[in-house]
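# Reading the structure
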Amino acid sequence: MANDTLIKNETRVSPAAHLYQEMADASVPGALSLSEVAFSTKVSVRCAPGSAGFDAVATATGVGLPHKVGEVRGEVDTVAVLWLGPDEFLVAAPEDAQLAAKLDQTLGENPGQVVDLSANRSVLELTGAKAPLVLRKSCPADLHPRAFAVNHAITTSLANIPVLLWRTGEESWRIMPRASFTEHTVRWLIDAMIEFRTESI
Amino acid sequence: MMLIDCPHCGPRNENEFGYGGEAHVAYPENPAELTDKEWSRYLFYRGNKKGIFAERWVHSGGCRKWFNALRDTVSYEFLAVYGAGEAQPEIEKIQGGTR
């Protein structure tokens, strides 16, 4: 089923591809950098904790499934599972066309669902020491390291749209808006980054 | 901006939440047997209490789960949050509140 919707690699375009140069121009060397992580795989998993399906999928991901808000199982470079709700998870991985089918097969007839949502969200990466200052301009979540540790991810809002915010490293953040909000998010971030081009007085 | 304690996500801004009206309004057992008046009572008539009120809320900007809350309609203070389908906690037993 998934193969019916696959577009040939050479013809597909990622949601922020046309903004590549603008994002590169907006980056501040040594302080801020904005880029898109194109064509990663994201799979939605829904199953209730404690059920047979939950245990099966947790084993199949290789890193388990998170149990509480903010928790991320696994690493950004391999496979990571983000907590979206008590029975809703997002498996994020570098491009892997077989992942959804594999998890779906694992879930089998158990209650729950596995859906390939790779094209649902775009992935923007904001890195640099000033990144929290940029995000704080419109993100209501507590981004203090005390509350938002590395490899912590929550559903929140940025520039008045819902996004997934994932701190992937000490100074790197992944922002995942729905694909149709990509241009809005990128332009808002570029605008928010302008002030850091000059030295603060 | 109020902070509302989502039972799953912890304290979040009120604009992430949706309001679902009065809690613990049971669906009639035999809706077909109700008179129009009884049916309209079920559909449209809700309490408008001054004081502690049990309400349904949904965390649409987060975990997307419904839950119930006890809120003081005078001070807007949230006194308790509890899961959908759970019985209403007795107010005397609640320690403090979550504003």
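Placed above this text is the structure.
Summary of the structure given here. Remember, it's a predicted structure, so these values are computed and weren't measured experimentally. (Residues numbered from 1 in each chain as written. Chains lettered and ligands numbered in written order. Predicted model: local features only at pLDDT ≥ 70, side-chain atom pairs only at ≥ 80, totals over all residues. Heavy atoms only, no water.)

### Digging into the overall build of chain A
Cut-off, in case you're wondering: Numbering goes from the N terminus for both helices and strands, where a helix is a DSSP run of H or I of at least four residues and a strand is a run of E of at least two. Computation of the radius of gyration draws on C-alpha atoms, with the globule rule given as 2.2 Å multiplied by the number of residues to the power 0.38. The cut-offs for exposure are 20% and 50% of the maximum accessible area for each residue type, with area from a 1.4 Å probe on protein chains only; residues under the lower value are buried, those over the upper are exposed, and the others partly exposed. Any two residues whose heavy atoms approach within 4.5 Å at even a single point are treated as in contact.
Helix and strand counts for chain A come out as five helices and ten strands. Its C-alpha radius of gyration of 17 Å places chain A within 12% of the 17 Å reference for a compact globule of 201 residues. Seen along its three principal axes, the alpha-carbon backbone of chain A occupies a region of about 60 × 45 × 25 Å. Here chain A, with 201 residues, has 47% of them falling under the buried criterion. Across chain A, contacts joining residues at least 24 apart in sequence account for 60% of those joining residues at least 6 apart.

### What about the overall build of chain B?
Quick note on the threshold: To be clear on the numbers: accessible area is Shrake-Rupley with a 1.4 Å probe, and residue cover counts the displayed protein chains and nothing else. As used throughout, the charge tally considers Lys and Arg to be positive and Asp and Glu to be negative, leaving His and the chain termini uncounted. To locate a charge, the coordinates of NZ of Lys, CZ of Arg, CG of Asp or CD of Glu are taken.
When you go through chain B residue by residue, the secondary structure sums to one helix and six strands. When the helices and strands of chain B are read in sequence order from the N terminus, they spell out β-β-β-α-β-β-β. On the principal axes, the C-alpha backbone points of chain B span a range of 45 × 30 × 20 Å. Within the span of chain B, comprising 99 residues, buried residues form 36% of the whole. As presented, chain B carries roughly 6400 Å² of accessible surface, and 49% of it is formed by carbon and sulfur atoms. With 12 positive and 14 negative side-chain charges, chain B shows a spacing of 4 Å between the two charge centroids.

### Some words on a nonpolar patch on the surface
All names here are of chain B. Rules: Surface patches are drawn from residues lacking salt bridges whose relative accessible area is over 30%; two like charges belong together within 9 Å, two nonpolar side chains (Val, Leu, Ile, Met, Phe, Trp, Tyr) within 5 Å. The term salt bridge refers to a side-chain nitrogen of Lys or Arg lying within 4 Å of a carboxyl oxygen of Asp or Glu.
A cluster of nonpolar side chains, namely Tyr 27, Trp 39, Leu 43, Phe 44 and Tyr 45, defines an oily patch on the protein surface of about 570 Å² accessible area. Within the secondary structure layout, Trp 39 lies in helix α1 (residues 36-44). By relative accessible area, Trp 39 is classed as partly exposed at 30%.

### Quick notes on the environment of B:Ala26
Considering the arrangement of structural elements, one finds B:Ala26 in the loop between β3 (18-22) and α1. Spatially, the C-alpha atom of B:Ala26 lies 8.4 Å from that of B:Tyr42, the residues being 16 residues apart in sequence.

### What to know about the packing of aromatic side chains
Residue and element names in this part refer to chain B. Put simply, the rule reads: Working definition: a ring pair exists when centres of Phe, Tyr or Trp rings (six-membered ring for Trp) sit within 6.5 Å. Plane angles under 30 degrees give stacked, over 60 give edge-to-face, the rest tilted.
Enumeration over the complete set of coordinates arrives at eight aromatic pairs over all chains. Taking 5.1 Å as the distance between ring centres and 70 degrees as the angle between the ring planes, the aromatic pair formed by Tyr 19 and Trp 57 counts as edge-to-face. Of this pair, Tyr 19 sits in strand β3 while Trp 57 is found in strand β4 (residues 52-58), placing the two residues 38 residues apart along the sequence. Residue class for Tyr 19 comes out partly exposed when judged on its relative accessible area of 46%.

### Quick notes on the sheet that holds strand β5 (residues 88-93) of chain A
Sheet strands associate in pairs through backbone hydrogen bonding, adopting either a parallel or an antiparallel arrangement. Residue and element names in this part refer to chain A. The line we're drawing: Criterion used throughout: strands pair if DSSP finds at least two bridges between them. For helices, the fitted line uses only the C-alpha atoms of the stretch in contact; every axis is such a line through C-alpha atoms, and the angle between N-to-C directions lies from 0 to 180 degrees.
Taken in spatial order, the five strands make up an open sheet running β3-β4-β5-β2-β6, and their pairing is antiparallel. Each having just a single partner strand, β3 (72-74) and β6 (113-116) make up the two edges of the open sheet. Along the sheet, successive strands turn relative to each other by an average axial angle of 20 degrees, direction set aside. Summarising the sheet, β3 and strand β4 (residues 80-85) pair through three bridges and their orientation is antiparallel. By the bridge assignment, Arg 73 is partnered in β4 with Val 81.

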